[in-house]
Amino acid sequence: MSLDPSRMAPMANAIRALSMDAVQAANSGHPGMPMGMADVATVLWSKYLKFDPSAPDWADRDRFVLSAGHGSMLIYSLLHLSGYAAPTMDDIRNFRQLGYPCAGHPENFLLDGVECTTGPLGQGVAMAVGMAIAERQLNAHFGDDLVNHRTWAIAGDGCLMEGINHEAIGLAGHLKLGQLIVLWDDNNITIDGTADLSTSEDVKARHVSAGWHVVSCDGHDVADISRAIEEAMADDRPSLVACKTIIGKGAPNKQGTSATHGAPLGPDEIAAAREMLGWDYEPFVVPDDVTADWKATGERGRDAHGAWLSRLDASDKKSEFEARMSGVADLAGPAIQDHIRALAAEPQKVATRKASEMALGPLTEKLPQMIGGSADLTGSNNTKTPSTAPFNADDYSGRYMYYGIREFGMAAAMNGMALHGGVVPYGGTFLIFSDYCRNAIRLSALQETGTIYVMTHDSIGLGEDGPTHQPVEQVMSLRLMPNLNVYRPCDTIETAECWALSLQTEGTPSVHALSRQGLPQLRGEGDADWTPESNRSAKGAYRLKSAVADRKVVLIATGSEVHLAVNVAATLEEQGIGADVVSMPCAELFDAQDAGYKADILPADALKVSIEAGSTLGWERYTGTDGINIGLDRFGASAPAGDLFEKFGFTVDAIVPQITNKLNG
């Protein structure tokens, strides 16, 4: 489509009208950004973005990320106008209403064409970095014929102020991700007022210093916008296009001010805007000629999609490509089977972080979708395997990311990689730094991605580094997050089983909380013929050891404390007190079991005792208020691990008397 201003202006004004009308109808929302970026978005959609509304999941489409997710009416308008099946005009009329897909911030699980859920500022750009990484990695293997697309993001001043932006652009610049283009809504406005109230940094210079190409344009001049985009496309570095815009463009009394940022314009200002824009139509009405011009924007993408399908059919890599894009859920169990059988034959006493590395060996060898990495803790997290060569600017075929000290950026980039498809990302850091990653982990769960977090040094068992590095509340706090599986395995076999489960639950992210210290292998009996169907960890909790004497006690433990529970049970049995030991590697999976299974594992007629080197809050749901919760409700200390476990009561001698005293009343 030619960039005829006489046609572009009404197309952009359709976005402005829909945005201000929808926000007014909802009596909440952010009209300013969509109105300000309407011209830029119209140029992008009309001439450059590769998309096919009839095939929103086409693998080689361009990815578009609205990082400034508060301006959600921009993407809802674009999707509707360009011919996607949804949102419909009725959906737009019901912006921000229960049961309709046009949520306050874009949500990837509600609408095709919304590549990721945005709203927490800065994460959209960071996820776009991950998408660009995935595109380059797949391109390195399958070539331009099958994988050659761009990732575009629209970001506001807030996105570029957030700390995660520094992490994301540093990584993208270092990797020279030239297929990534960020369109900056440079309007100098934040909620509080003009941006100079809070910042005086040179954003363009910061991007240049990070290895980006930077170009500026008038965000309301279609020819200048086009010039800047083409300059960005021609550069082999990631690009920032600084689009100088007026927030709320078209609202004569409020444009250029924070008054348009996060509130309806009001009936009078909307009427004045209609007059200023020459938009003489009722709310939620777009004239036929403008509608036709918008529908035509998808034709270029439909042609490109058809040509791509022909190349795919002719490619000798078609089957491999389709397999790569279809995920690993059915492959993970078989890939780990021989490893678990070998462990049953030859038990290993190792830290679960090492057990994770051992499991990753066959998994990464057999599953090329897996891309690992670490936030500068590769040797501590044990996340690299012989099959995962480095991914870098000189070789995009690698499958191991050196993220640097960028935990938050790593987590968000992995979300983008997972959402892109064709890759399964896992990345490591210390569990204590899950707090740096937390909002990205939350978006993993909300977006239903299969992102996997390898978080080692999971308790006071890490020892001398002390309370700054010793997790206490982290495991339990992560369990509070919906749609997140938190695994804390007790030995080599459970660790391998948990890896299989993480890869099988593609709509649920996982955290693996792993020990620094060596742990004995407790499993093996009955595992010589292990199959994916016999994965005991799949129930979330299971009876590891049954009572010999009449059962009086059920000991529930996770991770490094399961071995302690086994020793506690042995001492109780010597006193004639029967004790089951229940290993609970994943509380979330246990909670999903039926009532009969849970009642069998945690019978009502036994004293239930939880043992975990972390917060006790929450264990009452399994032990009841009359049970015993052995844990740590204070910060740790700097000392060898053995000394710490003794000081804080994680010993047989400290636990057994508490149980016998409780039984004796």
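What you see is a predicted model; the values in this text were computed from it and never measured. (Residues numbered from 1 in each chain as written. Predicted model: local features only at pLDDT ≥ 70, side-chain atom pairs only at ≥ 80, totals over all residues. Heavy atoms only, no water.)

Draft legend 1. Representation of a negative patch on the surface in the model. A cluster of acidic residues, Glu464, Asp465, Asp643, Glu646 and Asp653, forms a negative patch on the protein surface. By the element assignment, Asp465 lies in the loop between strand E12 (452-456) and helix H20 (474-479). (Patch = residues over 30% accessible without salt bridge, like charges linked within 9 Å, V, L, I, M, F, W, Y side chains within 5 Å. Areas by Shrake-Rupley, 256 points an atom, 1.4 Å probe, with all protein chains shown as cover. Salt bridge = Lys/Arg side-chain N within 4 Å of Asp/Glu carboxyl O. Lys, Arg positive; Asp, Glu negative; His and termini not counted. Charge placed at Lys NZ, Arg CZ, Asp CG, Glu CD. Helix = DSSP H or I, 4+ residues; strand = E, 2+ residues; numbered from the N terminus.)

Draft legend 2. Quick peek at the sheet that holds strand E2 (residues 151-156). Strand order in the open sheet made by the five strands is E1-E2-E3-E7-E6, with parallel pairing throughout. Lying at the two open borders of the sheet, with one neighbouring strand each, are strand E1 (63-66) and strand E6 (213-218). Averaged over all adjacent pairs, the angle separating strand axes in this sheet is 20°, with direction ignored. Relative to E2, E1 runs parallel, the two sharing four bridges. Looking at E2, one finds that Phe64 is bridged to Trp152. Sheet strands in contact with helix H6 (residues 123-142) are E1, E2 and strand E3 (180-186), and its direction is about 170° off that of E2. The sheet contacts of helix H10 (residues 222-234) involve E2, E3, E6 and strand E7 (239-244), and relative to E6 the element is tilted by about 170°. (Pairing = 2+ DSSP bridges. Axes fitted to C-alpha atoms, helices over the stretch in contact; angles between N-to-C directions. Contact = heavy atoms within 4.5 Å.)

Draft legend 3. Quick peek at the pattern of salt bridges. Per the stated rule, a full pass over the model turns up 25 salt bridges. Taking the shortest distance from any N to any O, the salt bridge between Asp527 and Arg523 comes out at 3.0 Å. Each member of the pair, Asp527 as well as Arg523, carries the same accessibility label: buried. In this structure, Asp600 and Arg543 form a salt bridge, with 3.6 Å as the shortest nitrogen-oxygen distance. Of this pair, Asp600 sits in helix H24 (residues 595-601) while Arg543 sits in strand E16 (residues 542-545), and the two are 57 residues apart along the sequence. Through salt bridges with shared partners, one network takes in Arg543, Arg551, Asp580 and Asp600. (Buried < 20%, exposed > 50% of the residue type's maximum accessible area, 1.4 Å probe, protein only.)

Draft legend 4. Representation of the side chain of Ser615 within the structure. In this fold, Ser615 is placed in the loop between strand E19 (607-611) and helix H25 (620-623). Beyond its immediate sequence surroundings of up to four residues, Ser615 is in contact with Val472, Glu473, Met476, Leu632 and Asp633.

Draft legend 5. Main features of the environment of Val129. Here Val129 lies in helix H6. Sequence-wise, Val129 and Ala440 are 311 residues apart; in three dimensions their C-alpha atoms are separated by 14 Å. In this structure Val129 touches Ala168, Leu171, Ala172, Leu177 and Leu180, once residues within four positions along its chain are discounted.

Draft legend 6. Highlighting the packing of aromatic side chains. Tallied over the entire structure, the rule returns 17 aromatic pairs. Ring geometry for Trp45 versus Phe51: centroids 5.5 Å apart, planes at 50°, classification tilted. With respect to burial, Trp45 and Phe51 carry one shared label: buried. The interplanar angle of 70° and the centroid separation of 6.2 Å between the aromatic rings of Tyr76 and Phe95 together place this pair among those described as edge-to-face. Of the two residues, Tyr76 is situated in helix H4 (residues 73-82) and Phe95 in the loop between helix H5 (89-93) and H6; the sequence distance between them amounts to 19 residues. (Phe/Tyr/Trp six-rings, centres within 6.5 Å; stacked < 30°, edge-to-face > 60°.)

Draft legend 7. Expanded view of helix H22 (residues 561-574). Compared with an ideal rise of 1.5 Å per residue, which puts 14 residues at 20 Å, H22 spans 20 Å between its outermost C-alpha atoms and is within 8% of the ideal. Looking only at H22, the buried set comprises Glu561, Val562, Leu564, Ala565, Val568, Ala569, Leu572 and Glu573. Of the residues trailing H22, Gly576 is marked for its positive phi of about 80°. (Expected span 1.5 Å × (residues − 1).)

Draft legend 8. Region of the structure containing the packing of H6 against helix H18 (residues 407-420). In the contact formed by H6 and H18, the axes pass within 6 Å of each other and the chain directions differ by 55°. If you check the angle between H6 and H18, you find them oblique. Of the two elements, H6 crosses H18, and the hand of that crossing is right-handed. From H6, Gln123, Ala126, Met127, Gly130, Met131, Ile133, Ala134, Glu135 and Leu138 reach across to H18, where they touch Phe408, Ala412, Ala413, Asn415, Gly416, Met417, Leu419 and His420. Residue classes in the contact of H6 with H18 are distributed as eleven nonpolar, five polar and one charged. (Parallel < 35°, antiparallel > 145°, perpendicular 65-115°, else oblique. Left-handed = near helix turned anticlockwise from the far one by under 90°. Nonpolar A, V, L, I, M, F, W, Y, C, P; charged D, E, K, R; others polar.)

Draft legend 9. Region of the structure containing the pairing of strand E11 (residues 424-430). Here E11 lies mainly inside the structure; seven of its seven residues are buried. Relative to E11, strand E9 (residues 370-374) runs parallel, the two sharing three bridges. Following the sheet pairing, Met370 is matched in E11 by Val424. The pairing of E11 with E12 spans five bridges and is parallel. Bridging from a neighbouring strand, Gly427 pairs with Tyr453 of E12. Tracing the backbone out of E11, into helix H19 (residues 434-447) and back to the parallel element E12 gives a crossover that is right-handed. (Right-handed = clockwise from strand over helix to strand, strands pointing away.)

Draft legend 10. Region of the structure containing unusual backbone geometry. With omega at 10°, the peptide bond leading from Ala86 into Pro87 counts as cis. Checked against the element boundaries, Pro87 lands in the loop between H4 and H5. If you check the backbone angles, Arg96 has positive phi at about 65° while not being a glycine. Here Arg96 shows up in the loop between H5 and H6. What makes Arg96 partly exposed here is its relative accessible area of 28%. A positive phi angle, near 65°, is found at Phe284, a position not held by glycine. Mapped onto the elements, Phe284 comes out in the loop between helix H11 (267-277) and helix H12 (288-295). We classify Phe284 as buried; its relative accessible area is 12%.

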